[in-house]
Amino acid sequence: MRTAIVFLAALAALFAQNFADIRPSPQQIGWQELEIGVLVHFGPNTFMDREWGDGTADPAVFDPNQLDAEQWVRAAKAAGARYLILVAKHHDGFCLWPSRHTDYSVKRSPWKQGKGDVVGEVEQACRRHGLAFGIYLSPWDRHDPRYADNRKYDDYYAAQMTELATRYGPLVEFWLDGAGSEGHVYDFVRYVRTMRTYQPNALLFASLDFMPYGDIRWVGNESGSAPEENWNVVDNYGILRWRPAEADTPLRRGHWFWHPNSEKRLKSLEELMEIYHKTVGRGAQLVLGIAPDNRGLLPEADVKRLEEFGAEVRRLYGTPLPPSGRSGDVVHFSTPRRLDRVVLQEDLAHGQMVRRFRVEARVADQWVEVSRGTTIGHKRILVFEPVTATGVRVAVEAAMGAVHLKPLAVYHGGR
Ligand code: FUL
């Protein structure tokens, strides 16, 4: 009996996972470095003043006469986005590419006499401008009759995944949205297998409770806010996995699709900066929802706001104050510098370790605490009351294991 217990305990120890041992894949590290993306919603809803189409829209409504994917991509780049995810099919089931598996698509629209392919045009524009490209394919489908039969629908979904994964080059991310799917059973194992077969480097996004298998997790709200304590490793149905958070939030409050006369919903630069600090600044990914209008262009006001946002992030964090020297996790300035923010980063190849830290500045020959926090992860931005200091240092107070910080960067954002 005793031997059996000892044996079982040894076996359990062999298979037990530790948070501190979980590492990201190289693809996840590369993705986390992208930091900002955009998510583009465009389709029949755009022409019908709707957010959730019920699947009955006539394809004839889809007729953008000035569609310009280059304009979308340029605006995304100006905002600092490094990837773009296109909603290829939303819940209404309408496909923005000429799928072989349904007629409910651009094929039956007047746009380009049914010969157009929005997914192809956007993908090409992304490649030309150096943005990584990803796709959102809604599992919930309110148009296709196959949705009523789980098996048949899995065949349909997997066939469309295969089309998208084989026609449009490397995909950085594949989005599985959970909305509307209550009560429907999907064969997620098959979906993952399909994606891994054709796109082994694409990362699968889904909410933790919607889909157990995934490489990226939904942050859990659409307001653009990650928790202050933000871990990359999560308990995924009893298995610990590296699954970083992505925070998606629309540029116009409450609207993923374009609606007429909704300019007043455009988020202000101040709101966007707060969102940036609560997402990227807490080690999560920020995905801004952008929506072309019924011309097929991003409205001028939205383009301007995206440009302002990108410029402000560059102004604040583009160039750190040049230190006169460094020693360990301390930067020195030979003459006192005015400063009000620091950026901390862990080298994720070694995992995420920091549980609690404080930041100190050397003011009038004394080290004083200027900020503190819990996790760091890919990035942690701390903004504090300005001080004039000859040095800044970070002190890790609690950690899961050996900490590997990237060089500390110090800034002065105040004008
Ligand atoms: C949600 C959807 O229901 C919205 O329409 C939008 O696509 C958003 C990004 O995800 O779950």
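Residues numbered from 1 in each chain as written. Predicted model: local features only at pLDDT ≥ 70, side-chain atom pairs only at ≥ 80, totals over all residues. Heavy atoms only, no water.

This part is about the site of the ligand. In the region of the ligand, the neighbouring residues are Leu39, His41, Trp52, His90, His91, Tyr136, Asp177, Ala179, Glu222, Asp248 and Trp256. Protein contact buries 91% of the 290 Å² of open area that the ligand shows by itself. More than half of the atoms of the ligand fall within 2 Å of the grid points belonging to the largest pocket. Broken down by class, the residue content of the shell around the ligand amounts to five nonpolar, three polar and three charged. (Near = heavy atom within 4 Å. Areas by Shrake-Rupley, 256 points an atom, 1.4 Å probe, with all protein chains shown as cover. 1 Å grid on protein atoms, 1.4 Å probe; cavity = no way out; pocket = protein on both sides within 12 Å on 5 of 7 lines; lining within 4 Å. Sits in = over half its atoms within 2 Å of the grid points. Nonpolar A, V, L, I, M, F, W, Y, C, P; charged D, E, K, R; others polar.)

When cut into domains, the chain gives domain 1 (18–317) and domain 2 (325–411). If you average the C-alpha positions of domain 1 and of domain 2, the two centres end up 34 Å apart. Between domain 1 and domain 2, the contact holds 23 residues from the first and 24 residues from the second. Counting the surface lost from both domain 1 and domain 2, the interface buries some 1,900 Å², and carbon and sulfur atoms represent 58% of this. For the domain 1 face of the interface with domain 2, the top three residues by lost area are Glu228, Trp231 and Tyr317, together amounting to 30%. Scanning the region where domain 1 abuts domain 2 turns up two salt bridges. (Domains from an automatic or database assignment. Contact = heavy atoms within 4.5 Å. Buried area = accessible area lost by both parts, 1.4 Å probe. Salt bridge = Lys/Arg side-chain N within 4 Å of Asp/Glu carboxyl O.)

Close contact between helix α6 (residues 150–167) and helix α7 (residues 188–198) brings their axes to 9 Å; oriented N to C, the two are set at 20 degrees. Viewed along their axes, α6 and α7 adopt a mutual orientation that is roughly parallel. Handedness of the crossing formed by α6 with α7: right-handed. Where α6 abuts α7, its residues Tyr153, Asp154, Asp155, Tyr157, Ala158, Met161, Thr162, Ala165 and Thr166 lie against Arg190, Tyr191, Thr194, Met195 and Tyr198. Of the residues belonging to the contact of α6 with α7, the class tally is eight nonpolar, three polar and three charged. (Axes fitted to C-alpha atoms, helices over the stretch in contact; angles between N-to-C directions. Helix = DSSP H or I, 4+ residues; strand = E, 2+ residues; numbered from the N terminus. Parallel < 35°, antiparallel > 145°, perpendicular 65-115°, else oblique. Left-handed = near helix turned anticlockwise from the far one by under 90°.)

Glancing now at helix α9 (residues 300–317). Note that an α-helix has 3.6 residues per turn; residues three or four places apart therefore point the same way. The end-to-end C-alpha separation of α9 is 26 Å, in line with the 26 Å expected for 18 residues at 1.5 Å each. Taken residue by residue, α9 has Asp302, Val303, Arg305, Leu306, Phe309, Gly310, Glu312, Val313, Leu316 and Tyr317 as its buried positions. (Expected span 1.5 Å × (residues − 1). Buried < 20%, exposed > 50% of the residue type's maximum accessible area, 1.4 Å probe, protein only.)

Within the secondary structure layout, Ser262 lies in the loop between β9 (245–250) and α8 (269–279). Its relative accessible area of 3% is what places Ser262 among the buried residues. In this structure Ser262 touches Arg252 and His255, once residues within four positions along its chain are discounted.

We now examine the layout of surface pockets. In this structure, the largest pocket spans a volume of roughly 450 Å³. Lining the largest pocket are 22 residues; nearest its centre among them are Asp177, Gly178, Ala179, Trp218 and Glu222. Of the residues assigned to the lining of the largest pocket, the class counts are ten nonpolar, six polar and six charged. Its volume calculated, the second largest pocket comes out at about 210 Å³. (Points joined across faces, edges and corners; volume = space filled by probe spheres on them.)

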